[in-house]
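Remarks on the overall topology
Each chain, written out:
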Amino acid sequence: MQIACNVTRQAPLIAELVNLATARWRGGAAVQPLADEDLATTFAAQLGDHASAALRAIPDSGRRLAELGTELRQALLAEHPADQAARINAMIRRYGAQPYLAEDVGQPFHLHFHGSGGTPVEALGGEFATALALIVDGYGPDRFGQCAAHQCEAVYIDLTRNASRRYCSAACTARAKTAAYRSRRQP
């Protein structure tokens, strides 16, 4: 099954929101999860101009994004596939995800699925929840995880062919490989 191209574009945004809002360790360093205006501003910078402006215009968007990030983290890291599916389904219902076909410039018709909650955060919630459902459907429930590097709580979404991803970033991959090399070299 080929997954919609907009779903693969959403995966890094989902992971980034979760990591900004919930991770206390990233890349081997302690970090403070972002909240309120800091979270809204930082996450909005990842979006296109129109979506970014709409998100920043909501007075409590940071609080709503933090709630969404927490829900997404719980779904991504659910221990059992049935729990994961239940959490994703609950988010689809909560955010009122509604699919529709859209034709973007230079692309054929493809599926979009914004939430119907009224604010850009709820729209993202519906879109992100449905993207997770499509990833589980197309790739399986084991494509989400927490970085395996020491002192990193960042999440990742693995869309590789062979499901080989174990780290959130190239930096954590390099740190883990360096640590493994050093431990093999010590007598």
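What this report covers is the structure whose coordinates are included nearby. (Residues numbered from 1 in each chain as written. Predicted model: local features only at pLDDT ≥ 70, side-chain atom pairs only at ≥ 80, totals over all residues. Heavy atoms only, no water.)

**A word on the overall build of the chain**
From N to C terminus, the chain includes seven helices and six strands. Along the chain, helices and strands appear, N-terminal first, in the series α-β-β-α-α-α-α-β-β-α-β-β-α. Whereas a compact globule of 187 residues would reach a radius of gyration of roughly 16 Å, the chain reaches 17 Å, a difference of no more than 12%. Projected onto its principal axes, the C-alpha coordinates of the chain cover approximately 60 × 40 × 35 Å. Per-residue burial for the chain yields a buried fraction of 41% across its 187 residues. Of all intrachain contacts in the chain linking residues separated by at least 6 positions in sequence, the fraction that spans at least 24 positions is 50%. Counting only carbon and sulfur atoms, one obtains 52% of the accessible surface of the chain, whose full area is about 10,200 Å². (Helix = DSSP H or I, 4+ residues; strand = E, 2+ residues; numbered from the N terminus. Rg over C-alpha atoms; globule rule 2.2 N^0.38 Å. Buried < 20%, exposed > 50% of the residue type's maximum accessible area, 1.4 Å probe, protein only. Contact = heavy atoms within 4.5 Å. Areas by Shrake-Rupley, 256 points an atom, 1.4 Å probe, with all protein chains shown as cover.)

**Side note on the side chain of Thr130**
Here Thr130 is to be found in helix α6 (residues 120-139). A residue is classified by how much of its surface remains accessible, and Thr130, at 14% relative accessible area, is buried. Discounting residues that sit within four places of it in the chain, Thr130 has contacts with Ile92, Ala97 and Phe113.

**What about the layout of surface pockets?**
Approximately 330 Å³ is the volume attributed to the largest pocket. Contributing to the lining of the largest pocket are 13 residues, with Leu47, Ala51, His114, Leu124 and Glu127 lying nearest its centre. Those elements giving two or more residues to the lining of the largest pocket turn out to be α1 (5-22), α3 (49-56) and α6. The greatest single-element share of the lining of the largest pocket, amounting to four residues, is contributed by α6. For the lining of the largest pocket, the per-class residue count stands at seven nonpolar, five polar and one charged. There is about 150 Å³ of room inside the second largest pocket. Ala15, Asn19, Val155, Arg165 and Cys168 are, among the 13 residues lining the second largest pocket, the residues nearest its centre. Of the residues forming the lining of the second largest pocket, the biggest block, five residues, is contributed by α1. Broken down by class, the residue content of the lining of the second largest pocket amounts to eight nonpolar, two polar and three charged. (1 Å grid on protein atoms, 1.4 Å probe; cavity = no way out; pocket = protein on both sides within 12 Å on 5 of 7 lines; lining within 4 Å. Points joined across faces, edges and corners; volume = space filled by probe spheres on them. Nonpolar A, V, L, I, M, F, W, Y, C, P; charged D, E, K, R; others polar.)

**What about helix α5 (residues 81-95)?**
Taking 1.5 Å per residue as the helical rise, α5 with its 15 residues ought to reach 21 Å, and the 21 Å between its terminal C-alpha atoms agrees with that figure. Looking at α5, one finds that the buried residues are Gln84, Ile88, Met91 and Tyr95. Across the axial projection of α5, the buried residues extend over an arc of 60°, all falling on one side. Within α5, the exposed residues directed more than 90 degrees away from the buried face are Ala82 and Arg93. Where α5 is buried, its residues contact α4 (61-76), α6 and β5 (144-146). Once α5 ends, the next one or two residues include Gly96, with phi positive near 60°. (Expected span 1.5 Å × (residues − 1). Arc of directions from axis to C-beta.)

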